[in-house]
Amino acid sequence: MNLKTENNQKNRLRHVLFGSLIGTTIEFFDFYIYANAAVLVFPQLFFPSTDATMATLQSLATFSIAFLSRPLGSAFFGHFGDKIGRKFTLVAALLTMGVSTVAIGFLPSYASIGIAAPLLLMLCRFGQGVGLGGEWGGAVLLAIENAPANKRAWYGMFPQLGAPIGLLLSGGTFLLLTDSMSNEDFMNYGWRIPFIASSLLVVVGFYIRTKISETPSFEQAKKVEEEVKIPFLTLLTSYKNQLIFGTLAAVTTFLVFYLMTVFTLSWATSDLGFTKRDALLIQLFSVLFFALFIPVSAVVADAIGRRKMLVLATIAIAVFGFFFQFFLSSGSAVMVTVFVCIGMALMGFTYGPLGTFLSELFPTQVRYSGASLTFNLAGIFGAAFAPMIAIWLATDYDISYVGYYLTGAALLSLGSLLVISRKSHQF
């Protein structure tokens, strides 16, 4: 191989990894600005109620809609991703997410159009879920189907980094707005700025995605005509074990994340007496631990295996669940910060190798559909109703029961990791 060819391959690889990272960053930024608004803004503007807790629960119910629609996006975009290619499908998923997010920034409130306001909000949230359902699997495949076998988890962690970066951008944007505006101005129009501004990120992501080549694994599968007519049906008939246990294995990843973000943000501001600013600062600081341990977990996963890494991380999360009462009962800012940082570090350990692990469960011709569906079905069971369940447990019982909820989910995931098919498909 001459120097020019080697340099071209390196440039192409950097383009691919950046393309997978920028896409998931945009998607998760869009997704998380909704999560912040669902706690800080939407209860007052879209779900007016004399009971603040009820308004928050109604707002969080719309938050869950995206998790219900994500598997639909996985099945729809996964079908085309496995049939016609990763590149085109990723562009379409990005645009679906972008249009849905920008539209939220222009929605009138309940005071302006009544019940139509929350209905339109739910429709846009549905669109966000469909877009992200198609985005994640394709972005992961873009990275790992270009990776050498001994660095597959390392390459696969690049799109995973989009989650903490997107969260930092979304939380930082809300923090900047709340610091620079009066509460009245923020509630009147300031909250709309990040939703509308996301259109600029979508344009950047669209441009980068159109410059990316198709993955070698997909091209090879097309050459030897390894194609199935309907990938979704093939998954149900030939890969039920991987689909079911892969979903259950990923449940804890979703649950620990949304307990550390949406639930903790809501609980800290409503029951522990934290200001919105302080709660956002704690969350943003904890995200650094999330981002740090994603690459650490990828290095370890490539060394000892993806399954073993996930088993160890899941055991640690199960133990962590018993410490909710210890950290949160005092309401101390230091204790809450330590608690969230530990939780987000554990999230990094489990999230880093997850995309690679789920992708390795399926062959190339159904990999987009399979990896996407397992990941997003896990989102339904692990995250769709997690903030509401956690608030109910903490309010009607005790904060320790939220921890038991996490421990129970971790034990379920641990069992699934131990019994799932151990066959790793060729890339």
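None of the values given here were measured: they were computed from a predicted structure.

Draft legend 1. How the structure looks around helix 9 (residues 183-190). Phe-186, Met-187 and Gly-190 are the residues of helix 9 that are buried. The buried residues of helix 9 occupy one face: seen down the axis, they fall within an arc of 130°.

Draft legend 2. Expanded view of the side chain of Ser-198. Within the fold, Ser-198 resides in helix 10 (residues 192-210). Not counting the four nearest positions on each side in its chain, Ser-198 is found in contact with Phe-29, Asp-30, Thr-101 and Val-102.

Draft legend 3. Highlighting a nonpolar patch on the surface. On the surface, Leu-68, Ile-315, Val-319, Phe-322, Phe-323, Phe-326, Phe-385, Ile-389, Trp-392, Tyr-397, Tyr-401 and Tyr-404 cluster together to form a nonpolar patch covering roughly 1,200 Å² of accessible area. Only helix 15 (306-320), helix 20 (386-396) and helix 21 (399-419) provide two or more residues apiece to the nonpolar patch. Summarising the element assignment, Val-319 is placed in helix 15. Judged by relative accessible area, Val-319 falls into the partly exposed class, the value being 44%.

Draft legend 4. Quick look at the nonpolar core. Val-41, Phe-42 and Tyr-258 are the most contacted members of the largest nonpolar core, which totals 128 residues. The element contributing the most residues to this core is helix 13 (residues 240-270), with 16 residues. If we skip the residues at most four places from it in the chain, Val-41 touches Asn-36, Phe-174, Phe-186, Met-187 and Trp-191.

Draft legend 5. The packing of helix 3 (residues 52-83) against helix 13, seen in detail. Contact geometry of helix 3 with helix 13 gives a least axis separation of 13 Å together with a crossing angle of 155°. Compared by their axis directions, helix 3 and helix 13 come out roughly antiparallel. For the element pair helix 3 and helix 13, the recorded crossing hand is right-handed. Where helix 3 approaches helix 13, its residues Thr-56, Leu-60, Phe-63, Phe-67 and Arg-70 are matched on the opposing element by Phe-254, Tyr-258, Val-262 and Ser-266. Of the residues assigned to the contact of helix 3 with helix 13, the class counts are 6 nonpolar, 2 polar and 1 charged.

Draft legend 6. Broad picture of empty space enclosed by the protein. Within the structure shown, the criterion is met by 4 cavities of 30 Å³ or more. Roughly 100 Å³ of internal volume is contained in the largest cavity. In terms of lining residues, the largest cavity is bounded by Phe-28, Tyr-32, Arg-70, Ala-163, Thr-253, Phe-254, Phe-257, Tyr-258, Phe-290, Met-347, Tyr-351 and Phe-375. Every element with two or more residues in the lining of the largest cavity is listed here: helix 1 (3-40), helix 13 and helix 17 (333-351). Take the lining of the largest cavity: its biggest share by element is 4 residues, from helix 13. Partitioned by chemical class, the residues of the lining of the largest cavity number 10 nonpolar, 1 polar and 1 charged. In this structure, the second largest cavity encloses a volume near 70 Å³. Contributions of two or more residues to the lining of the second largest cavity are made by helix 13, helix 14 (276-304) and helix 17.

Draft legend 7. Fine view of the layout of surface pockets. Size it by volume and the largest pocket reaches roughly 370 Å³. Surrounding the largest pocket, 19 residues form its lining, Val-39, Ala-52, Thr-56, Ser-266 and Ser-270 being those nearest its centre. Of all the secondary structure elements, the ones that give two or more residues to the lining of the largest pocket are helix 1, helix 2 (42-45), helix 3, helix 13 and helix 20.

Calculation notes
- Residues numbered from 1 in each chain as written.
- Predicted model: local features only at pLDDT ≥ 70, side-chain atom pairs only at ≥ 80, totals over all residues.
- Heavy atoms only, no water.
- Buried < 20%, exposed > 50% of the residue type's maximum accessible area, 1.4 Å probe, protein only.
- Helix = DSSP H or I, 4+ residues; strand = E, 2+ residues; numbered from the N terminus.
- Arc of directions from axis to C-beta.
- Contact = heavy atoms within 4.5 Å.
- Patch = residues over 30% accessible without salt bridge, like charges linked within 9 Å, V, L, I, M, F, W, Y side chains within 5 Å.
- Areas by Shrake-Rupley, 256 points an atom, 1.4 Å probe, with all protein chains shown as cover.
- Salt bridge = Lys/Arg side-chain N within 4 Å of Asp/Glu carboxyl O.
- Core = buried A, V, L, I, M, F, W, Y, C linked by side-chain atoms within 4.5 Å.
- Axes fitted to C-alpha atoms, helices over the stretch in contact; angles between N-to-C directions.
- Parallel < 35°, antiparallel > 145°, perpendicular 65-115°, else oblique.
- Left-handed = near helix turned anticlockwise from the far one by under 90°.
- Nonpolar A, V, L, I, M, F, W, Y, C, P; charged D, E, K, R; others polar.
- 1 Å grid on protein atoms, 1.4 Å probe; cavity = no way out; pocket = protein on both sides within 12 Å on 5 of 7 lines; lining within 4 Å.
- Points joined across faces, edges and corners; volume = space filled by probe spheres on them.

Treat this as a map of the structure, not an account of what it does.
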